[in-house]
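Descriptive analysis of the structure
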Amino acid sequence: MSRVGRNITVSIDRLRHLGHRQDRPGRIASDASTCPKCDSHYSGDEMRRNLRVCPACGHHFPVTARERLEQLGEPGGYVELWSDLRAADPLQFTDLKPYVDRIREAETKTGMNEAIVCAEIEVRRVPCVAAIMDFTFMGGSMGAVVGEKLARACEHAAQKGIPLIILSSSGGARMQEGTLALMQMAKTVIALDALAEAQVPVIMILAHPTTGGVWASFASLGDVTYAEPGALIAFSGPRVIEETTREVLPADFGRAERQLANGQVDAVVDRRELAARIGRVLHILAPPDGEALLATPPGWAQGGVERVGRVAQSLPSIPGKIMGRIRPGTDDDEGSAA
Ligand SMILES: [Zn+2]
């Protein structure tokens, strides 16, 4: 049997398997949870208080987009944007069931219109635009609406000159929208590029899982990139690669900790520290009192140690001694770079 034939068989089997999965017994209601790592049991209230992190072993449970917004800002302290956008079905796509039915089901199940929620929010007193993906809505897949909302979020942040926070949690492009979904990869990358030209910082948070076309486009383009512990961050999941290459991958393949070692993320941050950590970075890059610390040449966001160094040098709070350690030999001309 050819390789193509084998792969198609595997994928149809998997679809059938997914189709029957909701009938399986023993699925736990989402609000009271048992930790899959250490079997500790928590009530819904405890879960919310612990930001859906297991206090015993640190396992990070999934979080919905709106709960994420509450975790990052103040409870109820955000204004949702473009919540009326809904997916169309121009391809009239049907797999095991019609795409329109899948959308309707996802809407009923999640109370959302799409796999992303955009909002204006204050994180540690710094006004931001946030674009938060939600894996519970069709696997957080990126279709035309997700791409459009992300592009609008970039535009909105650029126009207002305030930072953009993106949280990705997605299986990739939405296969039911075919090429239209793949086009969102280019669209979101161009939108982020415009943001870099406007010198507006982008904080990227990679939650479990960030894979496929989302990781291959905007999710890998943050100025500062954080990942949640244990999150899978890869183009293809390890199961697919093992099936295709017939090789055994290391246990930590594509995990956040491995991506940190690979240099793909700046830090792996516990969810309970995340808001404070983002707040600290925002106070450096976009302080709430509006001091123009970002007096750097356009395009600094594209990376470059010197550019970041120049931003850091213009910070009044960092003593010259420390700056000397970061850039040895610059003590004498300290302050000349801006
Ligand atoms: Zn646990």
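**Topic: the overall build of the chain**
Across its full length, the chain holds 12 helices and 10 strands. Taken across its 338 residues, the chain has 33% of its residues classed as buried. For the chain, contacts bridging at least 24 residues in sequence account for 67% of all contacts bridging at least 6.

**Topic: the confidence of the model for the chain**
Residues of the chain with pLDDT of at least 70 account for 76%, and the chain-wide mean is 83. Per-residue pLDDT stays below 50 along residues 19–30; that stretch engages in 3 contacts with residues further than four places along the chain or on separate chains. Note that residues 326–338 has pLDDT below 50 and, in this model, 14 contacts with residues that lie over four places away or in other chains.

**Description of the nonpolar core**
Residues Ile116, Ala130, Leu164 and Leu206 are the most contacted members of the largest nonpolar core, which totals 65 residues. Residues contacting isoleucine 116, with those up to four places away along its chain left out, are Ala65, Ala131, Ile132, Met133, Asp134, Val146, Lys149 and Leu150.

**Details of the pairing of strand S6 (residues 164–170)**
Across the 7 residues of S6, 7 count as buried, placing the element largely inside the fold. Alternating positions in S6 separate into two faces, Leu164, Ile166, Ser168 and Ser170 on one and Ile165, Leu167 and Ser169 on the other, with burial throughout. Summarising the sheet, strand S5 (residues 126–133) and S6 pair through 4 bridges and their orientation is parallel. Within the sheet, the bridge partner assigned to isoleucine 132 lies in S6 and is leucine 167. Between the parallel pair S5 and S6, the chain is carried across by helix H5 (residues 144–160), and the sense of this crossover is right-handed. One ladder, built from 6 bridges, connects S6 with strand S7 (residues 202–211); its direction is parallel. Of the residues in S7, the one forming a bridge with leucine 167 is isoleucine 205. This β-α-β element, S6 to helix H6 (residues 178–197) to S7, shows right-handed connectivity.

**Notes on helix H4 (residues 99–110)**
Taking 1.5 Å of rise per residue, 12 residues should cover 16 Å, and H4 covers 16 Å from first to last C-alpha, within 8% of that figure. Taken together, the buried positions of H4 are occupied by Tyr99, Ile103 and Ala106. Angular distribution of buried residues about the axis of H4 spans 65°; they occupy a single face of the element. Seen from the buried face of H4, the exposed residues on the opposite side, beyond 90 degrees, are Asp101, Arg104, Glu105, Thr108 and Lys109. One or two residues past the end of H4 sits glycine 111, with phi positive at roughly 70°.

The rules behind the values
- Residues numbered from 1 in each chain as written.
- Predicted model: local features only at pLDDT ≥ 70, side-chain atom pairs only at ≥ 80, totals over all residues.
- Helix = DSSP H or I, 4+ residues; strand = E, 2+ residues; numbered from the N terminus.
- Buried ≥ 20, exposed ≤ 12 C-beta atoms within 10 Å, placed from the backbone.
- Contact = placed C-beta atoms within 7 Å.
- pLDDT = per-residue confidence, 0-100.
- Core = buried A, V, L, I, M, F, W, Y, C linked by C-beta atoms within 7 Å.
- Pairing = 2+ DSSP bridges.
- Right-handed = clockwise from strand over helix to strand, strands pointing away.
- Expected span 1.5 Å × (residues − 1).
- Arc of directions from axis to C-beta.

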